[in-house]
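# A closer look at the structure
Here is how the chains run, residue by residue.
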Amino acid sequence: MGKTVLIVDDSNTMRKIVSRSLRQAGIDFDQILEAGDGQEALDVLAANQVDVVLSDINMPNMNGLEFLKAKSEDDAIKGIPVVMISTETGADIIDEAKSYGAIGAIKKPFTPDLINETLGPLL
Amino acid sequence: MKYAQDICDSTQEIFSSMIMLDVSPGEPFKRDTSKLEHSVSGIIGLAGTVKGMLAIHLPNEAALAVTTAFLGMDVEEIDEDVCDAIGELANMLGGSIKSIIDPTGSDVQLSIPSAIHGEEYAVDCLADSESVTVPFTFNGQTFMVELQINQS
């Protein structure tokens, strides 16, 4: 069965860029889902079988850290791996993201090779 | 001028890795309050121990060319996609500069980026701030990256 990825970013441009980078990295997902903020991401996770989440941090409505915290409190979805893709990569912020369950972080700007290095082992 | 080299390095890295465009920096300068014409600006604010903004200003033609390259599809008018793309560029530039000013990430916060465009508008941030603007060129087009900060 093919895998499904959820891309969470308030920028439509960045969601397209991440999708493109996944293809360029040779990572084939059967389905690519998108969400514009953390709350939308929770709604998508509630309705779909998702294998990995790529999430921005700075988003309106519900940001990436708030999303991680809410996800960690839901037994149905807390086990889904989340990799942060963000301009925010300060040690304190990444430590906070990992404390809520994120398993890695990719800094924007990124290359397809970096995507492959981080996601490849997960898949 | 302080942070000019950081702006050069960050802009070139972002354009090269995300947009596959090679951009060349010009001489840094302090931009006055002249209005911008037929342009698009992506803006992101900084708050905390350092206050200010980072902005990228592109004439419409340059904004369309950058967005076309960014998205991999032809863009022919300044629309929501262009504003989103330019806002995301400001986001990445802001994040890059922030990581230099605040390596731990806990002392400076970034705003959600925004974008404005029009026939004539002005962008200004803080009184008593240090300011540096770096012009860039690519494929006969030009744009500017501007940083205004108050570190007191």
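A short tour of the structure in this document, coming up.

Cut-off values and rules
Residues numbered from 1 in each chain as written. Chains lettered and ligands numbered in written order. Predicted model: local features only at pLDDT ≥ 70, side-chain atom pairs only at ≥ 80, totals over all residues. Pairing = 2+ DSSP bridges. Helix = DSSP H or I, 4+ residues; strand = E, 2+ residues; numbered from the N terminus. Buried ≥ 20, exposed ≤ 12 C-beta atoms within 10 Å, placed from the backbone. Axes fitted to C-alpha atoms, helices over the stretch in contact; angles between N-to-C directions. Parallel < 35°, antiparallel > 145°, perpendicular 65-115°, else oblique. Left-handed = near helix turned anticlockwise from the far one by under 90°. Contact = placed C-beta atoms within 7 Å.

This paragraph deals with the pairing of strand E2 (residues 36–48) of chain B. All names here are of chain B. Across seven bridges, E2 lies against strand E5 (residues 114–121) in antiparallel orientation. Bridge pairing links leucine 36 to tyrosine 121 in E5. Across eight bridges, E2 lies against strand E3 (residues 51–59) in antiparallel orientation. Within the sheet, the bridge partner assigned to glycine 42 lies in E3 and is isoleucine 56. Counting the residues in the hairpin turn of E2 and E3 gives two residues.

A word on the environment of glutamate 13 of chain B. All names here are of chain B. In this fold, glutamate 13 is placed in helix H1 (residues 4–19). Residue classification places glutamate 13 among the partly exposed residues on the basis of 14 C-beta atoms within 10 Å. In sequence terms glutamate 13 and leucine 93 are 80 residues apart; their C-alpha atoms lie 9.7 Å from each other.

This brings us to the packing of H1 of chain B against helix H3 (residues 80–101) of chain B. Residues and elements named next belong to chain B. Axis separation between H1 and H3 bottoms out at 10 Å; the angle between their running directions is 135 degrees. When the interaxial angle is binned, H1 and H3 end up oblique. For the pair H1 and H3, the sense of crossing is right-handed. Contact residues: H1 offers Asp6, Ser10, Thr11 and Ile14, while H3 offers Leu89, Met92, Leu93, Ser96, Ile97 and Ile100.

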